[in-house]
Amino acid sequence: MAESALERTARALDLIPFLSNNPGLTINEIAEKFASSPAQIFKDLEMLFMCGLPGHSHSELIDMELSADYVAITNPQNLDKPRRLSRVEITSLTLGLELLIPLVTDPQLRLKALSLQARFAKLLSDGAGSPASVFTSSTVQSSECDVEIEKAIASSSGIEIKYRSASADEITTRLIYPISTYSERGYLYTVAYCVRSGEERHFRHDRITGVVPTAHTLPADQSSPSSPRSLEQVDVLMDPRNRFFLEAHASIVERVEPHASELKATFTIGDREWLTRELLALPGRVEILGPADFAEQFYRRLDAILNQYR
Amino acid sequence: MSEAGPHKSERLINLTMALLASRRYMSKSQIFKSVAGYTGSPETMERMFERDKNDLRELGLDIEVGTEDPLFDDEAGYRINPQRYTFDIGEIDSEELSLLSLAASRWQNSLFSKNGQRAIRKVESIASPHEEQDLSLPFMRTEIPADHFEVLWEAVESRRIIHFTYHGLNETHRRVAPYGLGLSDGFWYLIGLDLEKEGIRRFKVVRIDPDLTAEKSAGGFVRPIDFDLNQELSMPSESQEERTATVRLRVGKSQELRSIASLTPFDEDWDSALITYTSQTELFEEIARSATSAILVEPIELRSLFVTWMKEKIHG
């Protein structure tokens, strides 16, 4: 779709102060920064050449040096400052900081982030006056191992961890090479190459009960991911209350459809033990439609649990 | 038909520069005379200016209307206050800029990622040029809401009542005054006054049918001044009263429960665990996850509730 004159005007108004403050960029770099094409940016700049203050004499026009590999605004006239931030722009930054802050372990950097957040939030209350319309109550549990893992990622070295495995229900000691970390629904996870399993695994930080740094670095032949585990599909009919579970594990849910008063879900999984335990922990009716051997294992398990109470 | 192309943009920029530069209110005739791009009959220029004024306001520019001398019935004039054109956030150092870039770039939500990038470009227009620092912080994974998130945001901001189908336990039709949006533990929620049920309700955005409609008239409701969105969002759904339960755990197993229990040996195969909990649901879930490695012993009423809860999986 062709862009409107208004979108073009907005970008042009933002280009002038940006380029005044950041001289010497190439057209390609500017295009990337403004999520536009080099041809479009060139046209914008050509247009800005023609803009100026009333009078429109040579000294009143916007002036610049313009070539494909060097752009510099030599006279921005009175457009040297950026337009004020809109409410949604401010919200994007303050809320983004809010999510980031629990992940910052360095106390000084954390203070900086908090002060930035307060400064930008103030712009919101100075503006239209109405309070913010978006909030987050996300918290992230921090663990003692966070800092050790950060160090291991920075130095590409291995760490030995004691891990409380959710699916095997045991504590294991493993040598892992952390690659990256992420937070999801209040927990921090590390993606790491696990020597024991010979593949990339995700480790939840609060399940790591001990960390010992090592001097090992990852051998080159192990850094490429090994072949993925074989996956299979499992069909389950469940109580509609379990929509929450399906939303929380959207990445392994292939399909969900209403089935009479229940939900029919298809999972794609690589770890039967994990799914079995999660299904045991769901409220209401849970019926495994297939595969048949998975269903058999599940009901045998359920029976064994109930037997403990007879 | 609306104008397109470079001429219109050029005129809008010239107009912005003129209104910013003028200390006095500029009358329309002054504008038509001095700002490049206004041509045609007086009526044509009038219409052009009215549209241009609205367009600039849509870009967030604050165009003030006034007269130089209120005692005389002067023609209304226009100007842009340079201080209200821009924003003042003080000095931004390179570490702060890296934090902001990180905060803006990690959105997987299109509304916030688009606007976050725009905000960063504006901040980079005032911050001293810098080398991006690698702060190596974890990546945040949050729900990526569908396109109707933008409609919800607009409805909240312009205070428009919305109608939608909600896929909760049952499918229901709702009419809601949207008070705000909230991100809680990775999921987006809409918080608002349910006009049918006459109470504040929390709706999961993923369960709101994308086929929603917002009423035409903006300002259709007033959000109470004392309404605290953040408190509403973080309100626990279950009572937080602390209770204890005794659970028997197989030796060397049931690691998750062990991590929150105080343990004493029971016999060769089992330990006795005293567990303090606030959410009965979460306790049941964790015991069920332990399968045959955990047995809920006491209180006896809780034990029988657990058995009923487990049997529901078979009979519903």
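Definitions and cut-offs
- Residues numbered from 1 in each chain as written.
- Chains lettered and ligands numbered in written order.
- Predicted model: local features only at pLDDT ≥ 70, side-chain atom pairs only at ≥ 80, totals over all residues.
- Heavy atoms only, no water.
- Domains from an automatic or database assignment.
- Buried < 20%, exposed > 50% of the residue type's maximum accessible area, 1.4 Å probe, protein only.
- Helix = DSSP H or I, 4+ residues; strand = E, 2+ residues; numbered from the N terminus.
- Pairing = 2+ DSSP bridges.
- Contact = heavy atoms within 4.5 Å.
- Axes fitted to C-alpha atoms, helices over the stretch in contact; angles between N-to-C directions.
- Core = buried A, V, L, I, M, F, W, Y, C linked by side-chain atoms within 4.5 Å.

Concerning the domain arrangement of chain B
For chain B, the domain assignment lists domain 1 (5-85), domain 2 (148-233) and domain 3 (243-315). Placing the centre of domain 1 of chain B and that of domain 3 of chain B at their C-alpha centroids yields a distance of 73 Å.

Here's the deal with helix H10 (residues 280-289) of chain B
All buried positions along H10(B) are accounted for by B:Leu283, B:Phe284, B:Glu286, B:Ile287 and B:Ala288. Following H10(B) by one or two positions, B:Ala291 adopts a phi angle in the positive range, close to 50°.

Quick word on the sheet that holds strand E2 (residues 63-66) of chain B
Residues and elements named next belong to chain B. One open sheet holds the three strands; their spatial order is E1-E3-E2, and the pairing between them is antiparallel. Pairing within the sheet leaves two strands with one partner each, and these edge strands are strand E1 (26-27) and E2. Each of E2 and strand E3 (77-80) touches helix H3 (residues 42-58); the most contacted strand, E2, lies at about 130° to it.

Let's talk about the pairing of strand E6 (residues 187-194) of chain A
Residue and element names in this part refer to chain A. The buried count for E6 comes to seven of eight residues, which makes it a mostly enclosed element. Following strand E5 (residues 170-184), the chain reverses through two residues before pairing antiparallel with E6; Arg185 in that reversal takes a positive phi of roughly 45°. Inspection of the sheet shows E6 paired to strand E7 (residues 199-204) by six bridges, in the antiparallel sense. Across the sheet, residue Tyr189 finds its bridge partner in E7, namely Arg204.

Some remarks on the nonpolar core
Core analysis: the largest hydrophobic core is formed by 47 residues, its most contacted members being A:Phe267, A:Leu279, A:Ile288, B:Ile287, B:Leu296 and B:Met310. Ignoring any residue separated from it by four or fewer positions in sequence, one finds A:Phe267 in contact with A:Glu232, A:Gln233, A:Val234, A:Val236, A:Met238, A:Phe245, A:Leu246, A:Ile252, A:Val253, A:Glu254 and A:Leu275. In this structure, A:Ile16, A:Cys51, A:Ile62 and A:Val71 belong to the second largest nonpolar core, which totals 45 residues.

What to know about unusual backbone geometry
The omega torsion across A:Gly290 and A:Pro291 is 5°, close enough to zero to call that bond cis. As for its position among the elements, A:Pro291 is in the loop between strand E12 (286-290) and helix H9 (292-307). Each neighbour pair has its own omega, and for B:Glu298 with B:Pro299 the value is -5°, a cis peptide bond. For B:Pro299, the location among the structural elements is in the loop between strand E13 (294-298) and helix H11 (300-315). In this structure, A:Ala260 is a non-glycine residue whose phi angle is positive, near 50°. Mapped onto the elements, A:Ala260 comes out in the loop between strand E10 (253-259) and strand E11 (262-269). We classify A:Ala260 as exposed; its relative accessible area is 80%. Although it is not a glycine, B:Glu198 adopts a positive phi angle of roughly 50°. Turning to its location among the elements, B:Glu198 is positioned in the loop between strand E7 (187-194) and strand E8 (199-204). Overall, the relative accessible area of 69% leaves B:Glu198 in the exposed class.

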